[in-house]
Every structure is written in C-alpha cells, then in structure tokens.
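What follows is each chain in one-letter form.
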Amino acid sequence: MAFTAKDVQALREKTNVGMMDCKKALTEADGDMEKAVEILREKGLASAAKKSGRVAAEGVIGVYTDNNYSALVELNCETDFVGKNPEFVALANQIAKTAVIAKPADLEALSAATIADGTLSVADAIQELFLKIRENLKLRRFALVEGTAVSYVHGGGSVGVLVSFDTDAADKPEFTEMGKNIAMQVAAMSPEYLSKDDISAEELEKMRNITVESALNKPESLPKPILNKAIDIVLSENLWSEADVAAYEEQKKNKFLFNFLSKEAVAALAKVAVDHKEEFASDVIFNKAIDGRISKQINEVCLLEQAFVRSDLFEGNVGGYVADVAKKTGANIKVTGFTRFAKGEGIEKKADDFAAEVAGMVNQ
C-alpha cells in the first residue's frame, strides 16, 4: 500500500515522533497507519528498555485531590529540562488523578490502571510520552490519602505535600489557609514525625545514645563541670603537650579556650570523655544537658512541635497554631498525618565527567 507525505505528516501529528521514524514505520507497515503506530510503539519499547538503566533522578511530583481522596505521585525523568515539560507535568497530575479514581493497592496496580480521562493504561501512557521525549521515564511511588487533606506543590513540582486533618471546618476559608500554611511548613522544614508521641521508645533510646556519643566526642560542648573533670584527667595523665598546657593555664577562664588548643589536645579530651562514658553519663548535670538537646531535636523533627515558620501569623509551634485557628473559628481541627515527596530523594545521581564524555565521542 502506497503512502504520501501527508500520511507521514499525519502519523507524526498522531504520535509526535520524528518525520524519518514515521516514514520508516509507514514503509515497514506498507502504508497501514495503525500498523505503523504499533511499529513505533514496539520500537519505542525496545528503545526504552535500552535506556532503562539510565538514572532518572529528575522529574516532578504530581498531585490530585477531590472531596474524599487525595494523591501524590513521583514521576521521574533524566533531565531537569524534561521535568519542566508541560506534557510531562500534566501526565504526573493525570496519574495522581488516576490513583484517586482507581485506588490501587500498589504501584503495579496503578501502572495497570486505565489512566484518568484516557483509554490507555498508566504504563502505556508513560510509554507514549517516552516515544516523544526519548528519556528514561519511571513512575517511582505514590501515596493515597482518604478524608480531608490539603495539598501543596513547591518549586514547580520539586516537592509535593499532603497534610491530613480530622475536622468539621473543611469548608471554612480559615481552615483552607491554615492547611496551606502547614503544608508549606512540611515542604520547608521536612519533619520526620507528626508529634513526639509518634517516636517509639526504641527510637528515643537510639536518639539519646547518639546524642550522648556526640557530646562526648565534642568536648567543647560538654557542660562546664564535666569538661573540667575531663581536663583534670588529661592533666593528671600528662596527655597534653607543654604548649597546650601553657595555653590552657593562660586561657582557662576564656570562653573561647578551644581556639587556643591544638587539634591533638581536643582529640585527647574527646578520648578521655569517651573512655569515661559510664561515669560522665551518670552525672546529673550531664543528663540534664542531654535531655535539653534531645528536646531540641524533637522540636526540630516533629511537625506539631516545630516552631511555626509564619511567625507573622502566629508566635509558637505548629500545634499551637492549629489550636489557635480552631479556637478562633470555633471548630474542631486535628492534624492526623502528612506525606512529603521530594523529587529524586534517595536516588544516587551519576556524576558525569563532561570532558571524558566528549573525548569518548571524538574517539569513536
């Protein structure tokens, strides 16, 4: 079956694949338009398989929410340029909508689901876009939340957040504004837990052990009485050089003492502190200092305990801000959870050597 230049153009408009590839596909399909589309898809699959090993650490976070469910998805690509492509961004949001509609149990089920407002499966829709973009594309993860949730997408999709609430004020503008502010807090401050009640005893113990070890290995941060004990041991065991002893005697009342000690002197102090861990860790003053540091850490990693970043709206922590809005609106508002996706987090990016790559191309 013969075909014309108009057929080639029609196939290009239908698939957005290059003119030469369209011409080759029509030639192979003997002019059959539908068969040519299938040939292009098959070749695209083969090409996609070849590129599947490439690192896809760029991309976008898609989001969709309705009255009952909300979803976040992370769709990855290889380059930031493609990550900003309108079709790519639209596909991510379309997949998020699919998650809300299909309510898949896992990523495999989402990939197999018919994409929202379309006829292809999610996997095939991604493949169709690959034919146009020619980069490794991967649907990495999704989160589906039931109930009242407020979403926020930062930096053109670099970070996406869902914050869940139990409330009777979902239709109030004050709640919407508050929810957006808290979602922005999650995006900016990246909390690990909702509240301190969500930290297990095992995790708290681990946090304490790490804090103790950190304090002992950084003697300049030790409480003054503990530091003095460590220094007494160092001096009694002649662990410092004459120069460091002289510097200490001259500057021991100076709060910047450690600026006058050598690295070796500080290391000797740290070793003494670690060697006497059992003794120092049982000291009441030391434990109070550790408790204070752990409390500060909890305030940093727990959303409701974090200092609210919009201090122009409320002075205090996030939990206090929620309570304040609830009081002013006469509503019941409780934050029940949050999900935060940042594109490419945890993916090891390849460090490209551009000069080596160009040299390799020249030598081919």
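A few points on the structure. Everything quoted here is computed from the prediction, not taken from an experiment.

Parameters at a glance
Residues numbered from 1 in each chain as written. Predicted model: local features only at pLDDT ≥ 70, side-chain atom pairs only at ≥ 80, totals over all residues. Heavy atoms only, no water. Helix = DSSP H or I, 4+ residues; strand = E, 2+ residues; numbered from the N terminus. Contact = heavy atoms within 4.5 Å. Core = buried A, V, L, I, M, F, W, Y, C linked by side-chain atoms within 4.5 Å. Buried < 20%, exposed > 50% of the residue type's maximum accessible area, 1.4 Å probe, protein only. Expected span 1.5 Å × (residues − 1). Pairing = 2+ DSSP bridges. Axes fitted to C-alpha atoms, helices over the stretch in contact; angles between N-to-C directions. Salt bridge = Lys/Arg side-chain N within 4 Å of Asp/Glu carboxyl O.

1. Concerning the side chain of S164
Within the element layout of this structure, S164 appears in strand β5 (residues 159-167). Excluding its chain neighbours within four sequence positions, the residues that come into contact with S164 are V145, T148, A149, K334, V335, T336 and G337.

2. A short note on the nonpolar core
Counting residues in each nonpolar core, the largest one holds 31 residues, and the members touching the most others are L222, W240, L261, L269 and F286. When contributions to this core are tallied by element, the ones reaching two or more residues are α9 (201-216), α10 (224-236), α12 (263-275) and α14 (284-301). Apart from the residues lying within four places of it in its own chain, the contact partners of W240 are I231, V234, L235, V245, Y248, L261, A265, A268 and L269. Core analysis: the next-biggest nonpolar cluster, separate from the first, contains 28 residues, V161, F175, I182 and A342 among them.

3. Details of the side chain of T211
Here T211 shows up in helix α9. If we skip the residues at most four places from it in the chain, T211 touches I290, R293, I294 and Q297.

4. Here we look at helix α7 (residues 122-133)
With twelve residues, α7 extends 16 Å between its outermost C-alpha atoms, agreeing within 8% with the 16 Å of an ideal straight helix rising 1.5 Å per residue. Within α7, burial applies to V122, A125, I126, Q127, L129, F130, L131 and I133. Of the residues trailing α7, R134 is marked for its positive phi of about 60°.

5. Overview of the sheet that holds strand β2 (residues 69-77)
Read from one edge to the other, the open sheet built from three strands follows the order β1-β2-β3, with strand pairing classed as antiparallel. A strand with exactly one partner marks an edge of an open sheet, and here the two such strands are β1 (58-65) and β3 (138-146). Pairs of neighbouring strands in the sheet enclose a mean axial angle of 15°, with direction left out of account. Looking at chain direction, β2 and β3 are connected through eight bridges and run antiparallel. When the sheet's bridge partners are listed, A71 is paired in β3 with L144.

6. Some points on the environment of F175
Counting through the fold element by element, F175 comes out in helix α8 (residues 173-189). The class for F175 is buried, based on a relative accessible area of 3%.

7. A few points about the pattern of salt bridges
Enumeration according to the criterion identifies 15 salt bridges in this entry. K343 is the partner of E58 in a salt bridge, and the nearest nitrogen-oxygen pair spans 3.1 Å. With a gap of 285 residues between them, E58 in strand β1 and K343 in the loop between β6 (333-342) and α16 (354-362) connect regions that are remote in the sequence. Taking the relative accessible area as the measure of exposure, K343 reaches 25% and is therefore partly exposed. Of the charged contacts in the structure, one is a salt bridge between R140 and E74, with a shortest N-O distance of 3.2 Å.

8. Focus: α8
End to end, α8 covers 24 Å across 17 residues, agreeing with the expected 24 Å (1.5 Å per residue, within 8%). Within α8 the residues assigned to the buried category are F175, M178, G179, N181, I182, A183, Q185, V186 and A187. The elements touched by buried residues of α8 are β4 (148-154), β5, α15 (318-329) and β6. Looking one or two places after α8, you find S190, whose phi comes out positive at around 45°.

9. Concerning the pairing of β2
The element β2 is largely enclosed, with a buried count of nine among its nine residues. Burial along β2 is two-sided: Y69, A71, V73, L75 and C77 and S70, L72, E74 and N76, pointing in opposite directions, are all buried. Sheet topology note: the β1/β2 ladder contains eight bridges and is antiparallel. Paired with V60 across the two strands is L75, which belongs to β2.

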